[in-house]
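# Overview (structure and organization)
So the chains spell out like this:
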Amino acid sequence: MVQKRFQPSGLVLEPEEPYIDYFYDTPGSAPGTLNIESGATLPTIVLIDYNHTHATRIQIDTPEAITPYLDSQSVSWVDVQGLGSEDILQRLGNVFHLHPLVLEDVVNVPQRPKIEDYEDQLVIVTRMVMLREGTQGFASEQVSLVLGKYYLLTVQEEPEYDCFNPVRQRIRANKGSIRGEGADYLAYALLDALIDGFFPVLEVYGERIEALEDEVVANPTRQTLEKIHQIRRELLSLRRSIWPQRDAINTLIRDSSDLISRDVQIYLRDCYDHVVQLLDMVETYRELASSLMDVYLSSVSNKMNEVMKTLTVISTIFIPLTFVAGVYGMNFNPEASPFNMPELNWYWGYPAAWAVMVAIAAGLIYFFWRRGWFSNFSTLQKKD
Amino acid sequence: MVQKRFQPSGLVLEPEEPYIDYFYDTPGSAPGTLNIESGATLPTIVLIDYNHTHATRIQIDTPEAITPYLDSQSVSWVDVQGLGSEDILQRLGNVFHLHPLVLEDVVNVPQRPKIEDYEDQLVIVTRMVMLREGTQGFASEQVSLVLGKYYLLTVQEEPEYDCFNPVRQRIRANKGSIRGEGADYLAYALLDALIDGFFPVLEVYGERIEALEDEVVANPTRQTLEKIHQIRRELLSLRRSIWPQRDAINTLIRDSSDLISRDVQIYLRDCYDHVVQLLDMVETYRELASSLMDVYLSSVSNKMNEVMKTLTVISTIFIPLTFVAGVYGMNFNPEASPFNMPELNWYWGYPAAWAVMVAIAAGLIYFFWRRGWFSNFSTLQKKD
Amino acid sequence: MVQKRFQPSGLVLEPEEPYIDYFYDTPGSAPGTLNIESGATLPTIVLIDYNHTHATRIQIDTPEAITPYLDSQSVSWVDVQGLGSEDILQRLGNVFHLHPLVLEDVVNVPQRPKIEDYEDQLVIVTRMVMLREGTQGFASEQVSLVLGKYYLLTVQEEPEYDCFNPVRQRIRANKGSIRGEGADYLAYALLDALIDGFFPVLEVYGERIEALEDEVVANPTRQTLEKIHQIRRELLSLRRSIWPQRDAINTLIRDSSDLISRDVQIYLRDCYDHVVQLLDMVETYRELASSLMDVYLSSVSNKMNEVMKTLTVISTIFIPLTFVAGVYGMNFNPEASPFNMPELNWYWGYPAAWAVMVAIAAGLIYFFWRRGWFSNFSTLQKKD
Amino acid sequence: MVQKRFQPSGLVLEPEEPYIDYFYDTPGSAPGTLNIESGATLPTIVLIDYNHTHATRIQIDTPEAITPYLDSQSVSWVDVQGLGSEDILQRLGNVFHLHPLVLEDVVNVPQRPKIEDYEDQLVIVTRMVMLREGTQGFASEQVSLVLGKYYLLTVQEEPEYDCFNPVRQRIRANKGSIRGEGADYLAYALLDALIDGFFPVLEVYGERIEALEDEVVANPTRQTLEKIHQIRRELLSLRRSIWPQRDAINTLIRDSSDLISRDVQIYLRDCYDHVVQLLDMVETYRELASSLMDVYLSSVSNKMNEVMKTLTVISTIFIPLTFVAGVYGMNFNPEASPFNMPELNWYWGYPAAWAVMVAIAAGLIYFFWRRGWFSNFSTLQKKD
Amino acid sequence: MVQKRFQPSGLVLEPEEPYIDYFYDTPGSAPGTLNIESGATLPTIVLIDYNHTHATRIQIDTPEAITPYLDSQSVSWVDVQGLGSEDILQRLGNVFHLHPLVLEDVVNVPQRPKIEDYEDQLVIVTRMVMLREGTQGFASEQVSLVLGKYYLLTVQEEPEYDCFNPVRQRIRANKGSIRGEGADYLAYALLDALIDGFFPVLEVYGERIEALEDEVVANPTRQTLEKIHQIRRELLSLRRSIWPQRDAINTLIRDSSDLISRDVQIYLRDCYDHVVQLLDMVETYRELASSLMDVYLSSVSNKMNEVMKTLTVISTIFIPLTFVAGVYGMNFNPEASPFNMPELNWYWGYPAAWAVMVAIAAGLIYFFWRRGWFSNFSTLQKKD
């Protein structure tokens, strides 16, 4: 089986590297074919089982060990990290009775975020981004949620980056109302954490655009141009991650499903607001980046204008003077006729030539000053 | 708890400072967590209780003191200004039975404007802008309205700027029909005041664009470019404030709610018209600013064209003349052969050289005049 | 009461002056507050009462005198021109039982065109434009129509410009079917006249764009740029006047109202077609103006290219020649060594120098001719 | 009656002439007023009456002669060509019981394409375009179809261009199923012919754009710019003709009408597909033309870059050389001091000066070669 | 019968050749007219009949031989490759009872992708693209699917390129569930293969854009410009192929048809996701290409700026120096007066002239250095 992706989705991204393409099957392959990347992390499975009285954390070795927990009335959160074993993933699929297409979407990353309703299961495919501390880079991976009546299965690509820890602590510390609520509330809490994780990443773009706004007017270089294009490319990519999440959450709110209670739907409205805010920000940044490209072009034209003015002022002042000097450098023989360069023998000849040249220069300088062409000389020197 | 915002929302804005980002929680934090900024103003609570016979204004110290007024048939308007105490805000939440998410939206500013229906309460999150007298700057803060059957709770970020005074005076002076109407009419009156407050702010943009229209053609500088980009950025921001208000008010008009009477819905249609007018204006300004950017670029090109013409006219006239002068400055020895620069000893040599030069200059000037390249010399001098 | 508008709406517009802003109340003022501009024309009221047998025209002095006509089975058209008296307008409002918000919309001009349904009254706020004969300027004012069962109230800002005369003549002359129809047909006839009035105005824009199309390629100046921006601004403004009319008439056609008969709805479909045609034309003109801006920028670049070619051709031909002349103007002493400028004493020295210079010039001219740089010399001279 | 149109709609268009404006009435004129252009062709009326057994073609002189055919079970196709007689058109209107607004739309050309349902009649206003053989120009006129139960009335502006001949031959030759079907099938057949007539016209635009794509990169001139703008203008116009036809046919398919049988609706889906294909093509051409404008601007900048490089290379090589020559042309008196230009009397003075000059030139040429500025010299010469 | 297409649709495309136009009939021709291109491949018909127990592959010579298989409960897949015989295609049409319009769409290629519901048959017209190994070119042809209760008819233009082989192997090898499912599942499997075939083709565009991103900043040439325009043109074309497929599959999912089982609809949702992912990618590439055009223009301006700076620096340094040299090349007679060029006889005259020239040059160099104009000299030299 041949797979081709531009970039593995579970990677840490430097700001220069966008992720822009989806996973696709070899044309004609049977549905449900799993694609295990060589070198992918082996899956580790952790089960957190809780209700308002207890909360247990169990490390799972064989997927079949999960089965007894699924029917119990307590909430069972099965968290899988790593996609490196087809065997374990297939057995997980059997334990949770996953449709082959669901397993395919979970394993063959990256997929477009979406929500699918399989009557007794809601499958949510979404993306996590996490700012790496101390850098402008961020990690990005696919997270899939399968919500059942009493359980929630989450599958992540990599164990390294994970924004679910605060939720785990709320369960352990019995903080807020999470222990008294069902699996649907847990799904909401995780979605909320995923979505809030986009904000710090977007903020970095805000800062980068702000830095560019100064650069583009003061000192537009070739690197500025590359940076603007780069930001446009990355925002396109972020927008593609966020748009379908908005649709997915909207579907969750509007369509009544037995798996989502009325109370949790109110909380999901809050999630929806946050996604809309994210889109608002992305669109604003996109329009700003687009406007920056216009500013860049105008700014380069401005610079060229200043260069041209300098050339023009200096050339047009000295070229006529050089002509005058050239005239009196001619070798016509004053002795051959009285009309041949009599100026050369005038008493005031040389001073008169200087006077003519000074007058020409003064006239041109006055002409340029009237046009305001000297303004840029002063504004430019203020720069440093 | 870590919070990050680009800019506190309850600030006075100079026209150069846009507010572009929303408040967001630390990813994974429990819903309902309040974020009290250190240094925020302590809340002051004022209750105005009125019906067609009486109108009282009471300063409230403990939120619980409000409870008795909420059930009475008179309208109770509780106005809270300042978000500086978590304790008082939580107690207010209890008195009004606010959903934790509502309290979060009210306190964790700024949020995207929206409307939410909690059956016995309508929650409207919106923004207030106020022109500061004598300046082009304006103040902006979030205002939240919670409408119940007999009461209206309003929460503002800061006491300093407030556009509700005319409404308070209408209540006190029993002007218009406000004293005879319910809490829903009060909510309409406040929304109307908030929305009308956007008009003078937008007008300032109209004036700034008009000023730029002259500047961009007459004298486009680097500052002009910055100003255009600045206006585009701020209009984007204003649009983001106004769009969701349109949706919110539209929801109020279309969806029947027990809390809004039929009569007040008719008044809200008027509010809706005003929001649509605001959007019309913002979109028009945005298109004008966009067109200005095109004009700027063309205008800079135009200027460069004039500079180039000046350089070309003067250079191309004098360069051939200088060549002629150079020729007769050569030192070929006329005595070595009759072909060596015999002109130098001609009787009319020097006048003939001048004649050649004048003829060349005249030919070139005629050529440029035919092309109309002298037009810009005259138009430019008319400028001052 | 403070009001602020960029421009009184009942003014005669020169093509250079757009009307771009709506009337707005002082924030917080009570609904229904009327704004009488000082200096506005005093209202004159004319009643035309007609059915298929008779048609009377009565000058009304006190609004209350209208009351008896309102209930009669004949159609009563009350035409008010001028908004200069609060007293008369308030009394008119009482006679017609107008909602305070309706009276506000009618008096506080300009408003966004709209339609409102008050069960026993349909209120249509729209705009009239009229070409002033012999000029490119046009007059623009707000016209409000209040349609009842047996009456139609129309309110205009100014008596000077009025496009209803042909309808009055059709009533007087009993031309067409107007005398046999109800008030709804009269409303249609007036709306139709208002909408058809936009066509000649738009035609002027078509002519202005056509004139610019020639100018922008042949001779793009700074004025051309201003004109293009101006047209874009005015078309934005016209579009804002026409769009809401389209929505309003569409509402009239689709929603069944007791006040509009089925037959008149068929006529209104015709009105709707005309508004859509207007929008079609405005959008086409907008796209053409936008394309013109692109053409302008390209055209300026083209011109600069021609200027640069001229400079380059002349400079690069003469600069090497001047260098050659300069070389033989050097004063190295031929007597100091046989290598010092022996050319100066050669028999064919001077002719050889000329030969070298002619060869260089011919080579460069051939080089430029191969590149086709001389093409613009000929094309430019064809211009006059 | 005053009418104003930019261009009579029944004209043969050269590719340079767009048709962009609709017919409009004098504002305030009564509905149903017909506008007969002086000089318009007198109408000729031809009736083709057929069923599966017979097919007759009758030249009609008085419209009333049509009446007996209208009720017969055979299909009667009345084809009117020419709009030059108000009398005949009014009588036709009476014979077919046309609503005055229908007659107005049919006669006062051009109108926006549309469909209107008058219960016992379906009125379709559409446009015909026909490529003129051997040219790039095409003819354009309005065609109106009035479909009744057993008849179809078609009205064309001019007899000269007509794309219905193949349909007439199918009727005469009893080819395909047309003779066995009703009037609705005939309407479909004519609509299909009209729509298919747009394809060859659009193809011409495809060819013109393809030609421009080469021209714009190889040799962008002022004419190229005009051609691109021209194409954009004409495509706007074509799009305005086609869009409303799509809506009209979509209405025919979706709304059930007694006049259109289920079988013919299936055929109309095919028509609809073709209109959508036309729109697809128009939009593609529009985007290509828009991209061409960008290419043009970049291409002109590219050309200017080459011109500038030529100027810079030649100027910056010779200007320093000329300076060196100028230095040794100075007349300082070597006898006045040993520091005054001793070079002039050196044995190797002149060769050394040449050596300096050659070194400077070589250095600069190396510098420019490293920057790759000579590349354009070779690429340009490959051109011819 | 005259047909005209820009390009036969069953061709192998080099990346430079877009396919942009649809097939169209001669205007006025009868519906159902088939267009057999001379030189088209003769059709070969292969029948694959299978159920969970058996799978047979039969080469069919006469279309009528298919009839017995169509009613059997086993799935019959009739695959036709080549459109070169009207006779065979007509007989196929009879065997499958195809509507004349269906046969027309299948044979007269290319058509816009679409789905049509003929009650007992679903007709899907779609496109296949296949990357040719080892090249950037791809093959494109129309594939039509006619789905009946127990059969599936597929018609391809050419036998050469075919992406159905993996599906044939899954049937033969009884791999996956395909042998146990109906004709609808087979249709899904083929559609899935067709859609997945677009991914590798799009990937090539991603690579081409990535290559251009480097080229456009580092070394923008005329070829770069052509390539960007080329990519925009081809992406427009690909988008036109994919958009209607999205609509078609969406129709399949939403509308319940007896021919598509509930289970297969779930699989089609997966197909739909893939089409949406394709559109996502196309739109992203289109926006990137559009941004590249902006970058190109800015990059060319940048380059010109560097050229201008070089010219300006060198010209403005040497022109004043040349003037100074020119002054002392004048021939005023020092003996005629003490004011006539006494410098020539000064003891330090020549060194002083040099000092003045060096001072001027140093001043100008400092001036340019302060402006940062020398930066580009170093950055440019780093290039190689």
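Residue numbers here run from 1 along each chain, matching the order of that chain's written sequence. In the order they appear in the text, chains get letters beginning with A and ligands get numbers beginning with 1. Note on the predicted model: pLDDT of at least 70 is required for a residue's local features to be given, and 80 or more for side-chain atom pairs to be given and counted; whole-chain, interface and lining totals, by contrast, use all residues.

## Observations regarding the overall build of chain A
Worth spelling out the cut-off: Only runs of H or I of at least four residues qualify as helices and only runs of E of at least two qualify as strands under DSSP, and these elements are numbered from the N terminus. Radius of gyration means the value over C-alpha atoms here, while the globule rule gives 2.2 Å times the residue count to the 0.38 power. Think of it as a crowd count around each C-beta: if 20 or more other C-beta atoms lie within 10 Å the residue is buried, if 12 or fewer it is exposed, and in between it is partly exposed, with C-beta placed from the backbone throughout. Note on contacts: residues are paired as contacts if their backbone-placed C-beta atoms lie within 7 Å.
For chain A, the helix and strand inventory stands at 10 helices and eight strands. At 35 Å, chain A has a C-alpha radius of gyration far larger than the 21 Å of a compact globule built from 384 residues. Along the longest, intermediate and shortest principal axes, the C-alpha atoms of chain A span 125 × 45 × 35 Å. Counting across all 384 residues of chain A, residues that qualify as buried make up 52%. Counting contacts in chain A only where the partners sit at least 6 residues apart, residues at least 24 apart contribute 71% of the total.

## Some points on the interface of chain B and chain C
Our working rule: Throughout this entry, Asp, Glu, Lys and Arg are counted as charged residues, while Ala, Val, Leu, Ile, Met, Phe, Trp, Tyr, Cys and Pro are counted as nonpolar. The remaining residues, Gly among them, count as polar.
Chain B puts 62 residues into the contact, and the matching count from chain C is 58 residues. Those elements that provide at least two residues to the side of chain B that touches chain C are α4 (165-172), α5 (183-196), α6 (198-218) and α8 (262-327) of chain B. In terms of residue count, α8(B) provides more of the side of chain B that touches chain C than any other element does, 34 residues in total. Each residue belonging to the side of chain B that touches chain C can be placed in one class, and the counts come to 27 nonpolar, 22 polar and 13 charged.

## Focus on the relation of the copies chain E and chain A
We count it as follows: A least-squares superposition brings the copies together, and it is based on the C-alpha atoms of residues with pLDDT no lower than 70 in both.
Mapping chain E onto chain A calls for a rotation angle of 72° and an axial translation of 0.1 Å; the resulting RMSD is 0.1 Å. The superposition operator between the copies reduces to a five-fold rotation axis. Among all residues of chain E, the one whose C-alpha sits closest to the rotation axis is E:Gly329, at a distance of 4.5 Å. Mapped onto chain A, only 18% of the interface residues of chain E again fall at the interface, so the copies present different surfaces.

## Overview of the pairing of strand β8 (residues 151-156) of chain A
All names here are of chain A. Selection rule: By definition, two strands form a pair when at least two bridges between them are found by DSSP.
Buried residues dominate β8, accounting for six of its six residues. On β8, burial covers both faces: Tyr 151, Leu 153 and Val 155 on one face and Leu 152, Thr 154 and Gln 156 on the other are all buried. Pairing analysis gives six bridges linking strand β4 (residues 75-81) to β8, with the strands arranged parallel. Pairing of Gln 81 across the sheet is with Gln 156, part of β8. Across five bridges, the pairing between strand β7 (residues 138-147) and β8 is antiparallel. Bridge pairing in β8 places Leu 147 opposite Leu 152. Joining the antiparallel neighbours β7 and β8 is a turn of three residues.

## Digging into the domain arrangement of chain A
Note the cut-off: What fixes the domain bounds is an automatic or database domain assignment.
Under the domain assignment used here, chain A contains domain 1 (12-297) and domain 2 (328-381). Taken over C-alpha atoms, the centre of domain 1 of chain A sits 77 Å from the centre of domain 2 of chain A.

## Remarks on the interface of chain E and chain A
The partner chain A presents 58 residues to the 62 residues of chain E that form the contact. When residues of the side of chain E that touches chain A are traced back to their parent elements, those giving at least two are α4 (165-172), α5 (183-196), α6 (198-218) and α8 (262-327) of chain E. When grouped by side-chain class, the residues that make up the side of chain E that touches chain A number 27 nonpolar, 22 polar and 13 charged.

## Topic: the packing of α6(E) against α8(E)
All names here are of chain E. Here is the rule: Fitted lines through C-alpha atoms serve as axes, helices being fitted only where they are in contact, and the angles separating the N-to-C directions of these axes extend from 0 to 180 degrees. Here roughly perpendicular refers to angles of 65 to 115 degrees, roughly parallel to angles under 35, roughly antiparallel to angles over 145, and oblique to all remaining angles. Here a crossing is taken to be left-handed if its near helix is turned anticlockwise relative to the far helix by less than a right angle, and right-handed if that turn runs clockwise.
It is the contact of α6 with α8, at a shortest axis distance of 10 Å, that shows an interaxial angle of 15°. As far as their axial angle goes, α8 and α6 are roughly parallel. Where α6 crosses over α8, the handedness of that crossing is left-handed. Together, Phe 198, Leu 202, Tyr 205, Gly 206, Ile 209, Leu 212, Glu 213, Val 216 and Val 217 of α6 and Leu 278, Met 281, Val 282, Tyr 285, Leu 288, Ala 289, Leu 292, Val 295, Tyr 296 and Ser 299 of α8 make up the contact between the two elements.

## Some words on unusual backbone geometry
That bond from D:Val109 to D:Pro110 is cis: its omega, -5°, falls within 30 degrees of zero. Secondary-structure assignment places D:Pro110 in the loop between α3 (100-107) and β5 (114-117). Located in the positive-phi region is B:Met341, a residue other than glycine, with phi close to 45°. Examined against the element boundaries, B:Met341 turns out to sit in the loop between α8 and α9 (349-370).

## Some words on the packing of helix α8 (residues 262-327) of chain A against α8(E)
Two elements in contact, α8(A) and α8(E), have axes separated by 8 Å at closest approach and are oriented at 20°. Viewed along their axes, α8(A) and α8(E) adopt a mutual orientation that is roughly parallel. You can see that α8(A) and α8(E) cross each other, and the crossing is left-handed. Partitioned by chemical class, the residues of the contact of α8(A) with α8(E) number 21 nonpolar, 14 polar and three charged.

## So, the environment of C:Phe339
On the secondary structure map, C:Phe339 appears in the loop between α8 (262-327) and α9 (349-371). Taking C-alpha positions, C:Phe339 is 100 Å from C:Ser144, a pair spaced 195 residues apart along the chain. In contact with C:Phe339, not counting residues within four places along its chain, are D:Trp348, D:Tyr350 and D:Pro351.

## Describing α8(A)
In plain terms, the rule: To estimate the expected span of a helix, count its residues, drop one, and scale the result by 1.5 Å.
Taking 1.5 Å of rise per residue, the 66 residues of α8(A) would be expected to cover 98 Å, and the 97 Å separating its terminal C-alpha atoms lies within 8% of that figure. The buried fraction of α8(A) amounts to 53 of the 66 residues, a majority that puts the element mostly inside the structure.

## A closer look at the environment of A:Val46
Residues and elements named next belong to chain A. Residue placement: Val 46 occurs in strand β2 (residues 44-50). Separated by 314 residues in the primary sequence, Val 46 and Ile 360 have C-alpha atoms spaced 89 Å apart. In this structure Val 46 touches Arg 57, Gln 59, Ile 60 and Asp 79, once residues within four positions along its chain are discounted.

## Quick word on the pairing of strand β5 (residues 114-117) of chain E
Residue and element names in this part refer to chain E. Pairing geometry for β5 and strand β6 (residues 122-131), over four bridges, is antiparallel. Following the sheet pairing, Ile 115 is matched in β6 by Ile 124. Here β5 folds back onto β6 in antiparallel fashion, the turn holding four residues, of which Glu 119 has a positive phi close to 60°.

## Structural notes on the environment of A:Cys163
The topology assignment puts A:Cys163 in the loop between β8 and α4 (165-172). For A:Cys163, a count of 20 C-beta atoms within 10 Å puts it in the buried group. Considered as a pair, A:Cys163 and A:Gly329 are 166 residues apart in the sequence and their alpha carbons are 83 Å apart. Residue contacts for A:Cys163: discarding those within four places in its chain leaves A:Met128, A:Met130, A:Ala193, A:Leu194, A:Gly197, B:Pro27 and B:Gly28.

## Concerning the confidence of the model for chain A
Detail in the predicted coordinates should be disregarded across regions flagged by low pLDDT. Residue and element names in this part refer to chain A. Note the threshold: The pLDDT score gives, residue by residue, the confidence of the prediction method on a 0 to 100 scale.
For chain A, the mean per-residue pLDDT works out to 85, and 91% of the residues sit at or above 70. Low pLDDT, under 50, characterises residues 1-20; the predicted model gives this stretch 46 contacts beyond four residues in sequence or across chains. Listed scores for the predicted complex are pTM 0.84 and ipTM 0.79.

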